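Summary of structural features
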Amino acid sequence: MATIAATAARRAASLARISSSATPAQPANLIPRRGLSGAADHHGPPKVNCWTDPMSPSKWKEEHFVIVSLSGWGLLFYGGYKFFTGGKGKKEEKLVEAAH
């Protein structure tokens, strides 16, 4: 939000300078600046999908690594919960069957 306001203020200031100056505007002032445009440059080896090379997580894309990691931790916690609580869902089934 702050960057949008800063960009708008910068454009308004440059338009005010262009319209108020008696000399013709220089072409360099009309070219928009591209802040942080180097984000698309890749450094290092290209990243791959997790199913392309499942045995080397260091080559995975960041999004895939996060999804697989969170899924693994979730399964670990859920499995631990079911193991240590003894699967209490089975007792409810027996109560329902006994009522009929």
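To be clear, the structure that these remarks concern was listed above.
Report on the accompanying structure. (Residues numbered from 1 in each chain as written. Predicted model: local features only at pLDDT ≥ 70, side-chain atom pairs only at ≥ 80, totals over all residues. Heavy atoms only, no water.)

One can find histidine 64 in helix H3 (residues 62–85). Of the polar contacts made by the side chain of histidine 64, one reaches the backbone nitrogen of cysteine 50; its length is 3.2 Å. In this structure, histidine 64 is in contact with Asn49, Cys50 and Trp51, ignoring residues within four places of it in sequence. (Helix = DSSP H or I, 4+ residues; strand = E, 2+ residues; numbered from the N terminus. Polar contact = N/O pair within 3.5 Å; in protein donor to acceptor, adjacent residues only side chain to side chain. Contact = heavy atoms within 4.5 Å.)

Further remarks concern a nonpolar patch on the surface. A cluster of nonpolar residues, Phe65, Val66 and Leu70, forms a patch on the protein surface that exposes about 280 Å² of accessible area. Mapping valine 66 onto the fold places it in helix H3. The partly exposed category is assigned to valine 66, whose relative accessible area is 40%. (Patch = residues over 30% accessible without salt bridge, like charges linked within 9 Å, V, L, I, M, F, W, Y side chains within 5 Å. Areas by Shrake-Rupley, 256 points an atom, 1.4 Å probe, with all protein chains shown as cover. Salt bridge = Lys/Arg side-chain N within 4 Å of Asp/Glu carboxyl O. Buried < 20%, exposed > 50% of the residue type's maximum accessible area, 1.4 Å probe, protein only.)

Here the idea is simple: oppositely charged side chains can pair when their charged atoms come close. Taken as a whole and judged by the stated rule, the model has one salt bridge. One salt bridge in this structure joins aspartate 53 and lysine 59, with 3.7 Å as the shortest N-O distance. On the basis of relative accessibility, which here comes to 24%, the residue aspartate 53 falls in the partly exposed class. Residue lysine 59 is classed as partly exposed on the basis of its relative accessible area, which comes to 46%.

Limitation: the analysis is restricted to geometry and does not speak to function.
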